[in-house]
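Fold and geometry: a report
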Amino acid sequence: MNAGETKAAFLAIAEAVIAAEPKLTDADRAIGDGDHGIGMKRGFQAVQEKLAASDPATPAAVLKDCGMAILSKTGGAAGAVFGTFFRAGGAALGEVEDLDAAGFTSFLVAGRDAVMKRGGAAEGDKTMLDALAEAIRQSENAADLDDALAQAAAGAARGAEATKAMVARFGKAKALGERALGHPDPGALTLALILEAWRDSL
Amino acid sequence: MNAGETKAAFLAIAEAVIAAEPKLTDADRAIGDGDHGIGMKRGFQAVQEKLAASDPATPAAVLKDCGMAILSKTGGAAGAVFGTFFRAGGAALGEVEDLDAAGFTSFLVAGRDAVMKRGGAAEGDKTMLDALAEAIRQSENAADLDDALAQAAAGAARGAEATKAMVARFGKAKALGERALGHPDPGALTLALILEAWRDSL
Amino acid sequence: MFKMKKIINDPAQVVEETLEGLTLAYDGDVTQLAGGSALVRKEIPDGKVALLIGGGSGHEPIFHGFLGPNFADGAACGAIFAAPTPDVILEATKAVHRGKGVLYLYGNYAGDNMNFDIAAEMAAEEGIETRTVRVWDDVASGPPDRVEERRGIAGDVYMIKIAGAAAATLDSLEAVERVAVHARANLRSLGVAVRAGSIPETGKPTFELGDDEIEIGMGAHGEAGVRRQTLTPADPLTDQMMEVILGDIDLASGDEVALLFNNLGATTFMEMLIVNRRVRQLLAERGIAVYKTDMGAYVTSQEMAGFSITLLKLDEALKRYLDMPASCFAMTR
Amino acid sequence: MFKMKKIINDPAQVVEETLEGLTLAYDGDVTQLAGGSALVRKEIPDGKVALLIGGGSGHEPIFHGFLGPNFADGAACGAIFAAPTPDVILEATKAVHRGKGVLYLYGNYAGDNMNFDIAAEMAAEEGIETRTVRVWDDVASGPPDRVEERRGIAGDVYMIKIAGAAAATLDSLEAVERVAVHARANLRSLGVAVRAGSIPETGKPTFELGDDEIEIGMGAHGEAGVRRQTLTPADPLTDQMMEVILGDIDLASGDEVALLFNNLGATTFMEMLIVNRRVRQLLAERGIAVYKTDMGAYVTSQEMAGFSITLLKLDEALKRYLDMPASCFAMTR
Ligand SMILES: Nc1ncnc2c1ncn2[C@@H]1O[C@H](COP(=O)(O)OP(=O)(O)O)[C@@H](O)[C@H]1O
Ligand SMILES: Nc1ncnc2c1ncn2[C@@H]1O[C@H](COP(=O)(O)OP(=O)(O)O)[C@@H](O)[C@H]1O
Ligand SMILES: [Mg+2]
Ligand SMILES: [Mg+2]
Ligand SMILES: [Mg+2]
Ligand SMILES: [Mg+2]
């Protein structure tokens, strides 16, 4: 997947996230402060503007531009988390012209490590990291990029589903304790949504 | 009617007014600030305490004690209005031992004059004065006190009913303008209630 | 009917307990008299013209929250939404009197007028001179040629601030009265009601307003205003309100005003700030400068939602009184 | 679902218009940067340690309403209930920096922590030294041995007052940081939620609470607290709250505290004053003296009903900083 295709993928992702605003907001109303969808919408509208105005030369540049746009315009925990994820994840790809399965997984891994470093959360804490971790495990030994994206999307969805059984240890949901049980983590839903839209964009 | 009987009458009146608190409060909610019954209850509870602790020597003393109690404990427009009414009205009776029809009417008249002087309102302004004025007209040429009380009570009731057709020019209902139409004036209802209870106490 | 949730004890004791809690919140500067219904400053300088304010309870922090140096010397408090009794006013009058007379300053309502007037007569009998200034800033409650029919609303705050400063610096009752009357002549307010508050004793709303209705000019107790309409965006609503206010006072380009936004209870700062944005645009268009802006919950009606805009046209004297350092429970300058 | 009535214009513009209205309400003392999302004092003395605060919007007057002499120098504002972005924080950082470094003071929430940390790294790259003090006064949100998990609520007010005074008088970033950390160690708060506020964009309540339910310790965004229960009278509720607070800080007879009652939005002064009455009884029983009481809507959550009690254990230094005259949109001392 070259820079142009990556850009096209992120325009599709942006549309999907923006369309899912109400669903993500409701998820955050259940265990957070009810603004996750609104924030993600702000972030991905910034992504649309950014990409409309630029033609990044590499997949890494696309990812970093998107991360920067999200970081600068979203705010809240999600802005820092998803902004950091795409920025750091993209940086790991260096100058490669074509994103392959291995590159994709290294992007996910570098993004995860940066988010963990930034926020101090780990898998099992009921955050987007749970969806991300499962996505990484599934994509690791994929045949090609299509397969990697398909596996990662499915894994992320499963990981997000799994957060229903978790008690949050970070973010606004933390304080809910037991009451968060049965509700998926909003950020985890968003990560799954992003990977699914990426897969479907192929 | 001697001092003891007047006292007995006012204990009955107090009971009636206190019992009517919700009705009077609702009437004030419709065109005022919804506290008339609460205030009148405060005032007549003070009347009960006052009378329980004293045995006034004349009807005038009973009326003045009640007026003082209401004035000191009610507050709001009604406290000043009904306190002034009983104080000034009672004073007009001087030292008479026995309250007769003429005395009763002179009490109503003196009370009305004092209230008009105090608050600047007149008949037709949608206040207790409308019930009072009609009560005076009816009692003026009564045969005896029983008759005077019966006539006054009936007149006050009619006068209160008539306030439904009036637009207030005083008190909190003033600002309602047309909207006050169809609703009786709370204070007028109270005056009618007082005279009815007095009549029934015989 | 839905009963409003409130953190209170015995509903019959709310006023008594509120005044006790308020006296404690004054951290030693104020004492209670008249069975608790009168709050009075502990240290009132001798030979000072005294300022006594008062009114019904349930509108906190007005009136009893405005006692302190360069604010009022005492407050006579009534039951919820009911004017104080003459006895309470008289006892407060005696307590604040320092030989120079007492200025009565309160909102223009039938109940307050009659009870303060009765107290004034009693005070006169005891040789205490009083003067009365009734606050009537609400332009919605009477025509310009009958201002004495208008209600006192948020303008109370500026009136107490200015009269308090005057009473602390001028040495005759007449002079203080004159300043207050001058301030009142330059004061205009208009409010809007969004949701009713409720009376603690009954838990019932003080008035009915549709889910999508607002009423411009409605009084703090639900008294009718100038116009009931469906919920309007902030800018057009502000335009409507300012048109009424500016139509009632003559302000020329270059004039300076103080601007007060009063929260009746449950309105957010966000809403009032958005309104302020538009108010400033309208004043700027007319070349009217804003000297100072105040915003907060000063004259409330329980948890009523709504707010009012108050304009005070300033001159050098009024600025001086407005700026004079002063502090009380409700506000510090 | 019932949509809350609010006096706003385009729901998508509430923050922008609120910040514009707030800047105007500062009457010339403050300017907007970063596309309007950062508010900064116009006159920050050279060589002064700078104090930068910030957080999500919708909690007005905190944070952006606390800029002024001896208060904060700048505020980075986020969207409704969302931490500000690193870009906004960085631009505000550069604008307030006067060569002595910048203290970041804000509530301890994941979003604020991450965004301010990212900004701090960017500032470091540009050679601006920053220190961070996160406010974590809410005893309901973490055990005593993990205070760094606790949320910042109304304690923000005393923290800004004290850090602002320290930043105006001390001349090293470390010294100011030390004062703020010392104040934080003596600060405890606990709140109670009565009714939810709503998000302007959606008009939906931030959480669900039964018609006769209250929740002790619930956060300003509906974060769960220590106990959900049916509506309790003021005195027993106060006893419950004070037991938690007093169990978390050691106060001996003779100690002095400052007491702050924060209205989350729609709670009446009456309710808080009735609670204060009981709080004072409980403190008196323990021989704890109250040096100063503050009461008002400082850290709100839109029209949420509920309040919090904040206790600050005082020593001479903290008293000095607390008493130092200071003024901003939200409060004057
Ligand atoms: N420390 C953290 N590490 C990773 N993800 C986090 C962390 N804190 C919060 N998140 C993610 O952010 C999401 C909440 O985002 P959002 O609601 O937009 O921000 P806020 O919590 O500030 O309102 C959570 O669902 C969670 O997935
Ligand atoms: N100026 C007046 N003259 C005579 N009666 C008056 C006057 N003003 C008010 N009232 C009476 O007082 C009643 C209202 O009493 P109440 O509700 O207890 O006092 P408030 O209006 O202060 O709440 C009115 O219904 C009216 O009958
Ligand atoms: Mg959220
Ligand atoms: Mg009434
Ligand atoms: Mg009343
Ligand atoms: Mg948020």
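Just above sits the structure.
Bear in mind that the values here come from a model prediction, so they are computed numbers and not experimental data.

Near ligand 2 lie 20 residues; those nearest to it are Asp33(B), Asp35(B), Ala77(B), Asp185(B) and Gly187(B). Mapping the residues adjacent to ligand 2 onto the chains of the assembly identifies chains B and C. Measuring from an oxygen atom of ligand 2, one finds a side-chain N or O atom of His36(B) at 3.1 Å. A total of 570 Å² of accessible area belongs to ligand 2 in isolation, and the protein chains cover 95% of it. Mapped by element, the contributors of at least two residues to the shell around ligand 2 are helix H5 (76–91), helix H6 (101–119) and helix H9 (186–200) of chain B together with helix H3 (110–125) of chain C. A per-element tally of the shell around ligand 2 places H5(B) first, with four residues. By residue class, the composition of the shell around ligand 2 is 10 nonpolar, five polar and five charged.

As a further point, take the coordination of the magnesium ion (ligand 5). By definition of the ideal shapes, a tetrahedral metal site with four donors has angles of 109.5 degrees and an octahedral site with six donors has angles of 90 or 180 degrees. The protein atoms that coordinate the magnesium ion (ligand 5) are Asp33(B) (OD), Asp35(B) (OD) and Phe81(C) (O), at distances of 2.1 to 2.2 Å. Separating the magnesium ion (ligand 5) from the magnesium ion (ligand 4) is a gap of 3.5 Å, bridged by Asp33(B), which donates to each. Taken together, the positions of Asp35(B) in the loop between helix H2 (21–31) and helix H3 (36–53) and Phe81(C) in the loop between strand S4 (74–80) and helix H2 (86–96) put the pair across two chains.

So, on to the nonpolar core. Within the largest apolar cluster, 188 residues are counted, with the highest numbers of intra-cluster contacts made by Ile53(C), Phe66(C), Ile309(C), Ile53(D), Phe66(D) and Ile309(D). If we ignore the near neighbours within four places in the chain, the residues touching Ile309(D) are Arg188(D), Ser189(D), Leu190(D), Met241(D), Met242(D), Ile245(D), Leu259(D), Leu260(D), Phe261(D), Val275(D) and Val279(D). The next biggest cluster of nonpolar side chains, apart from the first, holds 82 residues, and it includes Ala9(B), Val81(B), Leu108(B) and Val115(B).

Let us look at the sheet that holds strand S1 (residues 30–33) of chain D. Backbone-to-backbone hydrogen bonds pair the strands of a sheet. The strands run either parallel or antiparallel. All names here are of chain D. Here we have six strands laid out as an open sheet, ordered S1-S2-S4-S3-S5-S6, and mixed in their pairing. The open sheet has two free edges, formed respectively by S1 and strand S6 (130–135), since each of these has just one partner strand. Each strand axis lies, on average, 20° off the axis of its neighbour in the sheet, ignoring direction. Relative to S6, strand S5 (residues 102–107) is paired through six bridges, and the arrangement is parallel. Bridged to Leu103 within S6 is Arg131. Contacting strand S3 (50–57), S5 and S6, helix H3 (residues 110–125) crosses the sheet at an angle of about 170° to S5.

A separate point is the sheet that holds S4(C). Residues and elements named next belong to chain C. What the six strands build is an open sheet, ordered S1-S2-S4-S3-S5-S6; its pairing is mixed. Where the open sheet ends on each side, the last strands, each with one partner, are strand S1 (30–33) and strand S6 (130–135). Strand-to-strand, the axes of this sheet are offset by a mean angle of 20°, without reference to chain direction. Pairing analysis gives four bridges linking S1 to strand S2 (residues 38–41), with the strands arranged antiparallel. From the neighbouring strand, Leu33 faces S2, where its bridge partner is Ala38.

Turning our eyes to something else, we now look at the site of ligand 1. In the vicinity of ligand 1 there are 20 residues, among which Asp33(A), Asp35(A), Ala77(A), Asp185(A) and Gly187(A) approach most closely. Those residues lying near ligand 1 are distributed over chains A and D. One of the side-chain N or O atoms of Asp28(A) is found 3.2 Å from an oxygen atom in ligand 1. At a separation of 3.0 Å, an oxygen atom of ligand 1 approaches a polar backbone atom of Ala77(A). Starting from 570 Å² of accessible surface for ligand 1 in isolation, the protein chains cover 95%. Only helix H5 (76–91), helix H6 (101–119) and helix H9 (186–200) of chain A together with H3 of chain D provide two or more residues apiece to the shell around ligand 1. The residue inventory of the shell around ligand 1, partitioned by class, reads 10 nonpolar, five polar and five charged.

Right, let's talk about the relation of the copies chain C and chain D for a bit. The transform that puts chain C on chain D rotates by 180° and translates by 0.0 Å along the axis, for an RMSD of 0.0 Å. Taken together, the rotation and translation relating the two chain copies correspond to the operation of a two-fold axis. It is Ala266(C) whose C-alpha, among those of chain C, lies nearest the rotation axis, at 2.1 Å. A high fraction, 100%, of the interface residues of chain C reappear at the interface in chain D, so the copies pair face to face through one surface.

Now for the pattern of salt bridges. Opposite charge on two side chains permits them to pair, given that their charged atoms come into close proximity. Taken as a whole and judged by the stated rule, the model has 74 salt bridges over all chains. For Arg29(A), the salt bridge goes to Glu208(D), with nearest N and O atoms at 3.0 Å. Highlighted residues: Arg29(A) in helix H2 (residues 21–31) and Glu208(D) in the loop between strand S7 (187–195) and strand S8 (213–216), drawn from two different chains. For Arg29(A), a relative accessible area of 16% corresponds to the buried category. What emerges from the salt-bridge pattern is a single network uniting Glu123(A), Glu134(A), Arg137(A) and Arg158(A).

With that settled, consider the interface of chain B and chain C. Contact residues are listed per partner, giving 27 residues for chain B and 35 residues for chain C. Both sides of the chain B and chain C interface together cover about 2300 Å² of buried area, and 55% of this is carbon and sulfur. Joining chain B to chain C, the criterion identifies three salt bridges. Put simply, chain B and chain C have eight residue pairs in polar contact (both at pLDDT 80 or more) between them. Elements that contribute at least two residues to the side of chain B that touches chain C include exactly H2, H3, helix H4 (59–73), H5 and H6 of chain B. Class assignment for the residues of the side of chain B that touches chain C results in seven nonpolar, nine polar and 11 charged.

What counts as what
- Residues numbered from 1 in each chain as written.
- Chains lettered and ligands numbered in written order.
- Predicted model: local features only at pLDDT ≥ 70, side-chain atom pairs only at ≥ 80, totals over all residues.
- Heavy atoms only, no water.
- Near = heavy atom within 4 Å.
- Polar contact = N/O pair within 3.5 Å; in protein donor to acceptor, adjacent residues only side chain to side chain.
- Areas by Shrake-Rupley, 256 points an atom, 1.4 Å probe, with all protein chains shown as cover.
- Helix = DSSP H or I, 4+ residues; strand = E, 2+ residues; numbered from the N terminus.
- Nonpolar A, V, L, I, M, F, W, Y, C, P; charged D, E, K, R; others polar.
- Donors = N, O, S within 2.8 Å, 3.2 Å for Na, K, Ca; no water.
- Core = buried A, V, L, I, M, F, W, Y, C linked by side-chain atoms within 4.5 Å.
- Buried < 20%, exposed > 50% of the residue type's maximum accessible area, 1.4 Å probe, protein only.
- Contact = heavy atoms within 4.5 Å.
- Pairing = 2+ DSSP bridges.
- Axes fitted to C-alpha atoms, helices over the stretch in contact; angles between N-to-C directions.
- Least-squares fit on C-alpha atoms with pLDDT ≥ 70 in both.
- Salt bridge = Lys/Arg side-chain N within 4 Å of Asp/Glu carboxyl O.
- Buried area = accessible area lost by both parts, 1.4 Å probe.

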